[in-house]
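What follows is the residue order along each chain.
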Protein chains: 2
Amino acid sequence: MTIRVVAKNNVKPEKIQEFIGLCKNLVGESLKEEGCIEYGLYQELENSGILTMLEEWKDESSLDKHLNSNHFREIFPLLSEYLEKKTEINVYKKL
Amino acid sequence: MTIRVVAKNNVKPEKIQEFIGLCKNLVGESLKEEGCIEYGLYQELENSGILTMLEEWKDESSLDKHLNSNHFREIFPLLSEYLEKKTEINVYKKL
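Everything quoted here is computed from the prediction, not taken from an experiment.

Draft legend 1. A look at the side chain of B:Q43. Note that B:Q43 resides in strand β2 (residues 36–44). Among the residues examined, B:Q43 registers a relative accessible area of 10% and is labelled buried. Only 2.9 Å separates the side chain of B:Q43 from the backbone oxygen of B:S48, close enough to count as a polar contact. Excluding residues within four positions of it along the chain, B:Q43 makes contact with A:V91, A:Y92, A:K93, A:L95, B:I16, B:S48, B:I50 and B:L51.

Draft legend 2. A look at the sheet that holds strand β2 (residues 36–44) of chain A. The strand order around the closed barrel formed by 8 strands is β1(A)-β3(A)-β2(A)-β4(B)-β1(B)-β3(B)-β2(B)-β4(A), and the pairing between neighbours is antiparallel. Neighbour-to-neighbour, the strand axes of the sheet open up by a mean angle of 30°, direction not taken into account. As paired strands, strand β4 (residues 88–94) of chain A and β2(B) are joined by 3 bridges and run antiparallel to one another. Looking at β2(B), one finds that A:Y92 is bridged to B:E44. Across the sheet, helix α2 (residues 60–67) of chain A lies against β1 (3–10), β2, β3 (50–57) and β4 of chain A, angled at about 130° from β3(A), the strand it touches most.

Draft legend 3. View of the interface of chain B and chain A. In this assembly, 24 residues from chain B lie in contact with 24 residues from chain A. Here chain B packs against chain A, burying approximately 2400 Å² in sum over the two surfaces, 57% of which is carbon and sulfur. On the chain B side of the interface with chain A, the three residues burying the most area are B:R4, B:L45 and B:Y92, jointly 27% of the side's total. For A:K8, the salt bridge is made with B:E88, and the minimal N-O distance between the two is 2.8 Å. Our enumeration of links across chain B and chain A arrives at 20 residue pairs in polar contact (both at pLDDT 80 or more). Sorting the residues of the side of chain B that touches chain A by element identifies β1 (3–10), β2, β3 (50–57) and β4 (88–94) of chain B as the ones contributing at least two each. Split by residue class, the side of chain B that touches chain A holds 12 nonpolar, 4 polar and 8 charged.

Rules and cut-offs
- Residues numbered from 1 in each chain as written.
- Chains lettered and ligands numbered in written order.
- Predicted model: local features only at pLDDT ≥ 70, side-chain atom pairs only at ≥ 80, totals over all residues.
- Heavy atoms only, no water.
- Helix = DSSP H or I, 4+ residues; strand = E, 2+ residues; numbered from the N terminus.
- Buried < 20%, exposed > 50% of the residue type's maximum accessible area, 1.4 Å probe, protein only.
- Polar contact = N/O pair within 3.5 Å; in protein donor to acceptor, adjacent residues only side chain to side chain.
- Contact = heavy atoms within 4.5 Å.
- Pairing = 2+ DSSP bridges.
- Axes fitted to C-alpha atoms, helices over the stretch in contact; angles between N-to-C directions.
- Buried area = accessible area lost by both parts, 1.4 Å probe.
- Salt bridge = Lys/Arg side-chain N within 4 Å of Asp/Glu carboxyl O.
- Nonpolar A, V, L, I, M, F, W, Y, C, P; charged D, E, K, R; others polar.

Here's what the structure looks like:
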């Protein structure tokens with residue numbers, strides 16, 4: 001069964017465009033990974049500072065590899081300086 | 001462009017099974033709606049009380065129709081008694 005990730009970020013208003021730019025690299029590299037079914041950056045319709053990654057992975061092992069990939073380990077720590085609070089990450093299985 | 005909904009529920013531990021049962025009707029009816037691309041109930045891997053609907057709709061108009069559908073208006077208010085706090089709903093567009 002695939003797993004789904006929702007990684008929700010509250011981005012500082014003045015940093016939204018920079019955050020989106022940095023995420024583009026992360027999205028592009030992640031989509032090339034084996035086991036990545038979906039990986040996209042989404043913006044809340046009513047609050048442009050809520051920027052969320054919606055992801056789908058083949059299995060937990062694929063997600064673990066992603067979290068240990070060079071691109072994730074390089075880019076994810078850089079994102080934190082654009083945030084008002086820590087990224088809220090949930091990992092789900094379908095019922 | 002399609003829109004995505006993440007509706008996150010924190011369910012009381014003793015009410016999880018009842019909540020899941022009630023959601024099954026909502027999922028089944030919603031999937032029959034025109035404009036519904038995806039509608040599923042997901043459970044957090046590390047916290048079984050976090051139960052989230054992940055949805056995709058053709059457009060905002062389809063989502064509006066869903067929110068005004070009989071099945072949504074009947075079932076959604078019933079879910080609130082199972083929750084520790086109000087459902088957290090975000091509606092997204094892809095960047």
